[in-house]
2 protein chains.
Amino acid sequence: MEINIAEAHHRIKNFILRTPLLTEDYINGFLENTTFFKCENLQKIHAFKARGAANALSKLDKSLLKNGVATHSSGNHGQALAWAAKIFSSYAYVVMPSSAPKTKIEAVHYWGGEITFCEPTLQAREETLQQIVERTGAIFIPPYNHWDIIEGQGTCAYEIFQEDLEPDYLLTPVGGGGLLSGTALAARQYSPKTKVIGCEPKNADDAYQSFNAGKLIPVGAANTIADGLRTSLGDITFEVICKYVHDILTVTEEEIIDAWRWITFHLKVIIEPSCAVPVAVLLKHKDMFKQKRVAVILTGGNVDAEKLRLILP
Amino acid sequence: MEINIAEAHHRIKNFILRTPLLTEDYINGFLENTTFFKCENLQKIHAFKARGAANALSKLDKSLLKNGVATHSSGNHGQALAWAAKIFSSYAYVVMPSSAPKTKIEAVHYWGGEITFCEPTLQAREETLQQIVERTGAIFIPPYNHWDIIEGQGTCAYEIFQEDLEPDYLLTPVGGGGLLSGTALAARQYSPKTKVIGCEPKNADDAYQSFNAGKLIPVGAANTIADGLRTSLGDITFEVICKYVHDILTVTEEEIIDAWRWITFHLKVIIEPSCAVPVAVLLKHKDMFKQKRVAVILTGGNVDAEKLRLILP
């Protein structure tokens with residue numbers, strides 16, 4: 001599969017935001033390095049997922065867009081698809097588990113997406129989606145295991161590399177692996193000296209296990225606060241990650257919550273707990289990153305207020 | 001007094017950050033306008049005060065810098081002065097009331113400032129400062145009622161105007177009036193069509209009263225959650241504000257807290273309650289700003305975690 005991240009960026013750049021890349025004196029002093037945070041929590045729909053969805057829809061023929069697009073999602077991809085469908089004059093069908101957070105349901109509605117609720121199992125989600133696709137002719141846009149999505153997510157790292165920071169390391173969380181794959185492919189082409197590291201909760205460490213075993217090992221029930229990272233790699237993202245990612249590092253739930261508290265108060269931004277996973281890796285492996293230039297993608301900011309309570313003293 | 005905000009910006013731009021100017025779909029949809037938020041909570045020391053302090057010190061002769069600089073402050077100005085003193089190879093003496101928040105004390109220490117505690121009265125602060133100045137020969141840098149400070153704070157609006165947004169309105173909070181004065185002077189020169197509005201808590205409405213009475217009416221004990229806005233105008237800031245500010249609008253404590261919650265969750269940034277004051281004005285006078293282009297300066301992000309609890313459900 002040929003992907004071209006620069007062209008993807010050119011296609012979507014007028015729809016997405018060029019998010020700020022922040023650096024902070026206290027954080028740099030504490031870590032004894034220079035760390036840049038790419039704030040995708042300040043992106044459209046407050047998550048990098050807007051990039052992949054916009055890219056996928058920008059590549060669809062108009063005749064296909066008119067039947068709509070569809071996906072199943074309990075998270076930001078559903079929101080991103082509804083948003084992108086609005087921009088590209090299409091229509092989004094989003095299958096959501098009945099247990100999905102209220103804020104995410106509201107966001108899909110806000111962007112005009114049509115929600116179909118189902119039981120919170122992968123089987124129920126896939127079957128419900130299949131019925132909708134058959135009934136409407138809508139195009140299925142998967143959340144991560146799809147080249148157009150990977151290409152779109154790669155535009156985030158592409159923007160980082162355009163700033164001439166020449167980071168030694170670039171850290172992203174890994175859930176289904178769309179962002180990590182796109183990031184690794186972007187680094188390979190636009191900043192080959194940058195080592196890309198995937199960061200994962202120990203409680204959802206399928207990418208860590210798969211990467212080290214050299215075969216796809218899906219996770220069972222993932223019990224982590226980092227709700228964006230509970231999914232497992234797909235065959236495409238697994239292959240890209242094995243080839244181009246430098247390493248996968250894991251952190252505990254306690255490390256995630258500590259890092260979440262730390263980064264929120266020092267960087268002054270609201271982020272999802274998933275974003276705290278690479279920050280926890282930075283704090284845990286301080287020596288590895290000492291005196292280095294590090295970039296971290298803060299993936300999103302869609303967090304329930306009640307959950308924010310966890311990081312307050 | 002001649003001030004030149006463009007020159008001030010040129011002098012300090014390598015020390016401060018060009019903070020992001022954010023705009024958000026949901027917020028614009030709700031307000032039925034286009035609002036831009038200048039994020040000084042992401043500035044050095046997480047407050048616009050870095051601008052004024054850097055400007056004041058950049059104008060001091062090296063022979064004066066060697067004796068140090070001094071101020072009294074319970075808030076961000078002390079931190080800003082300690083930070084600027086470090087940059088300009090000077091030394092900062094900061095008189096703080098013994099009741100000052102722990103985080104702000106720590107921040108002054110972090111930047112190498114020397115703290116002298118005193119009783120929490122204006123008289124005790126001024127007397128303690130006077131003793132330090134006499135003993136050390138340090139130069140007193142006031143928090144707002146000083147042309148170099150006003151000139152420095154004006155660089156924030158200057159950066160907004162450089163983006164060619166041509167805002168119809170520019171809203172800032174008003175406490176001592178340094179930021180509001182600098183903003184009004186910047187607008188007068190670089191964007192004369194922009195109406196500058198000062199936003200003030202009803203419980204600390206000395207600027208509102210002074211502006212409308214045409215004479216300086218200091219506030220007594222100001223009981224507002226917006227801790228950065230408890231001070232009263234000085235003679236210089238009062239004069240500038242009377243001449244060049246379009247209007248001063250006030251909001252209640254309840255309106256401030258509601259706006260604080262609203263903006264934090266929709267914009268995804270951590271801000272001090274003072275920043276919520278102009279946001280509360282936007283929400284209260286929605287009709288006035290409908291279909292307009294509005295810029296709001298979010299002044300700082302130094303808030304205690306315990307206080308953040310107030311905006312969680």
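Residues numbered from 1 in each chain as written. Chains lettered and ligands numbered in written order. Predicted model: local features only at pLDDT ≥ 70, side-chain atom pairs only at ≥ 80, totals over all residues. Heavy atoms only, no water.

(A) Highlighting the overall build of chain A. A count of helical and extended segments in chain A gives 15 helices and 10 strands. Its C-alpha radius of gyration of 18 Å places chain A within 12% of the 20 Å reference for a compact globule of 313 residues. Overall, chain A is about 55 × 40 × 40 Å in size when its C-alpha atoms are taken along their principal axes. Looking at the 313 residues of chain A, the share that counts as buried comes to 61%. For chain A, contacts bridging at least 24 residues in sequence account for 74% of all contacts bridging at least 6. (Helix = DSSP H or I, 4+ residues; strand = E, 2+ residues; numbered from the N terminus. Rg over C-alpha atoms; globule rule 2.2 N^0.38 Å. Buried < 20%, exposed > 50% of the residue type's maximum accessible area, 1.4 Å probe, protein only. Contact = heavy atoms within 4.5 Å.)

(B) Spotlight on the relation of the copies chain A and chain B. Of the transformation superimposing chain A on chain B, the axial component is 0.0 Å and the angular component is 180 degrees, with the fit at an RMSD of 0.0 Å. One copy is carried onto the other by what is essentially a two-fold rotation axis. Across chain A, the rotation axis passes nearest the C-alpha of V269 of chain A, at a separation of 2.1 Å. In this assembly the copies share their binding face: 100% of the residues contributing to the interface of chain A also contribute to that of chain B. (Least-squares fit on C-alpha atoms with pLDDT ≥ 70 in both.)

(C) Structural detail: unusual backbone geometry. Despite not being glycine, Q291 of chain A shows a phi value in the positive range, around 65 degrees. With respect to the element layout, Q291 of chain A can be found in the loop between α14 (286–289) and β10 (293–298). According to the relative accessible area criterion, Q291 of chain A is exposed, its value standing at 64%. If you check the backbone angles, D164 of chain B has positive phi at about 55 degrees while not being a glycine. Looking at the secondary structure, you find D164 of chain B in the loop between α8 (147–162) and β7 (169–173).

(D) Looking closely at the sheet that holds strand β1 (residues 21–22) of chain B. Residue and element names in this part refer to chain B. Overall, mixed pairing links the six strands, which are arranged β1-β2-β10-β7-β8-β9 in an open sheet. The strands lining the two open edges of the sheet, one partner per strand, are β1 and β9 (247–251). For strand β8 (residues 195–201) and β9, the ladder comprises five bridges, and the chain directions are parallel. Across the sheet, I197 pairs through a bridge with D247, a residue of β9. Sitting on the sheet, helix α10 (residues 206–213) is in contact with β8 and β9, with an inclination near 145 degrees to β9. (Pairing = 2+ DSSP bridges. Axes fitted to C-alpha atoms, helices over the stretch in contact; angles between N-to-C directions.)

(E) Up close: the pattern of salt bridges. All names here are of chain A. This structure, assessed with the given rule, holds 34 salt bridges over all chains. Between E159 and K38 there is a salt bridge; the shortest N-O distance is 2.7 Å. With a gap of 121 residues between them, E159 in helix α8 (residues 147–162) and K38 in strand β2 (residues 34–39) connect regions that are remote in the sequence. Accessibility classification places E159 together with K38 in one group, the buried group. The closest approach of N and O atoms between R51 and E40, which form a salt bridge, is 2.7 Å. Of this pair, R51 sits in helix α3 (residues 49–58) while E40 sits in the loop between β2 and α3; the two residues are 11 residues apart in sequence, bridging distant segments of the chain. For the pair shown, R51 and E40 are each scored as buried. (Salt bridge = Lys/Arg side-chain N within 4 Å of Asp/Glu carboxyl O.)

(F) Focus on the state of the cysteines. Residue and element names in this part refer to chain B. One pass over the structure, following the stated rule, counts zero disulfides over all chains. Here C242 is not disulfide-linked; the sulfur of C199 is the nearest cysteine sulfur, at 16 Å. Of the cysteine sulfurs around C275, a residue in no disulfide, the closest is that of C39, at 8.9 Å. Accessibility expressed as a relative area gives 0% for C275, which makes it buried. (Disulfide = S-S within 2.5 Å.)

(G) Molecular detail of the packing of aromatic side chains. All names here are of chain A. Across all of its chains, the model carries 16 aromatic pairs over all chains by this definition. Each ring, one from Y110 and one from W111, has its centre 5.1 Å from the other, and the planes form 85 degrees; the classification is edge-to-face. Look at Y110 and you get partly exposed, because its relative accessible area is 35%. We classify W111 as buried; its relative accessible area is 16%. A cation sits over an aromatic face here: K286 above F30, 4.5 Å from the ring centre. (Phe/Tyr/Trp six-rings, centres within 6.5 Å; stacked < 30°, edge-to-face > 60°. Lys NZ or Arg CZ within 6 Å of the ring centre and 35° of its normal.)

(H) Representation of the sheet that holds strand β3 (residues 69–72) of chain B. Residues and elements named next belong to chain B. The parallel open sheet is built from four strands, whose spatial order is β5-β4-β3-β6. Strand pairing shows two members of the sheet lacking a second neighbour, β5 (114–118) and β6 (139–140), which therefore form its edges. Across the sheet, helix α5 (residues 76–87) touches β3 and β4 (92–97), and the angle it forms with β3 is around 170 degrees.

(I) Broad picture of the confidence of the model for chain A. Overall, the predicted model of chain A reaches an average pLDDT of 95, with 100% of residues at or above 70. Scored as a whole, the predicted complex attains pTM 0.95, and scored at its interfaces, ipTM 0.93. (pLDDT = per-residue confidence, 0-100.)

(J) Highlighting the side chain of K268 of chain A. Structurally, the position occupied by K268 of chain A is in the loop between α12 (253–267) and α13 (276–284). Here K268 of chain A occupies a buried position and makes no salt bridge, while the nearest side chain of opposite charge, E24 of chain A, is found at 7.2 Å. A polar contact is formed between the side chain of K268 of chain A and the backbone oxygen of F265 of chain A, at a distance of 3.0 Å. A distance of 3.1 Å separates the side chain of K268 of chain A from the backbone oxygen of G301 of chain B, its partner in a polar contact. (Lys, Arg positive; Asp, Glu negative; His and termini not counted. Polar contact = N/O pair within 3.5 Å; in protein donor to acceptor, adjacent residues only side chain to side chain.)

(K) Focus on the interface of chain A and chain B. At the interface, 30 residues of chain A touch 30 residues of chain B. With both sides pooled, the region where chain A packs onto chain B buries about 2,500 Å², and carbon together with sulfur makes up 64% of that total. At the junction of chain A with chain B, the criterion picks out two salt bridges. Counting across the interface, chain A meets chain B through 10 residue pairs in polar contact (both at pLDDT 80 or more). Among the secondary structure elements, those contributing two or more residues to the side of chain A that touches chain B are α2 (25–31), α12 and α15 (305–308) of chain A. Looking at the side of chain A that touches chain B element by element, the count peaks at four residues for α12 of chain A. Residues of the side of chain A that touches chain B, tallied by class, amount to 16 nonpolar, eight polar and six charged. (Buried area = accessible area lost by both parts, 1.4 Å probe. Nonpolar A, V, L, I, M, F, W, Y, C, P; charged D, E, K, R; others polar.)

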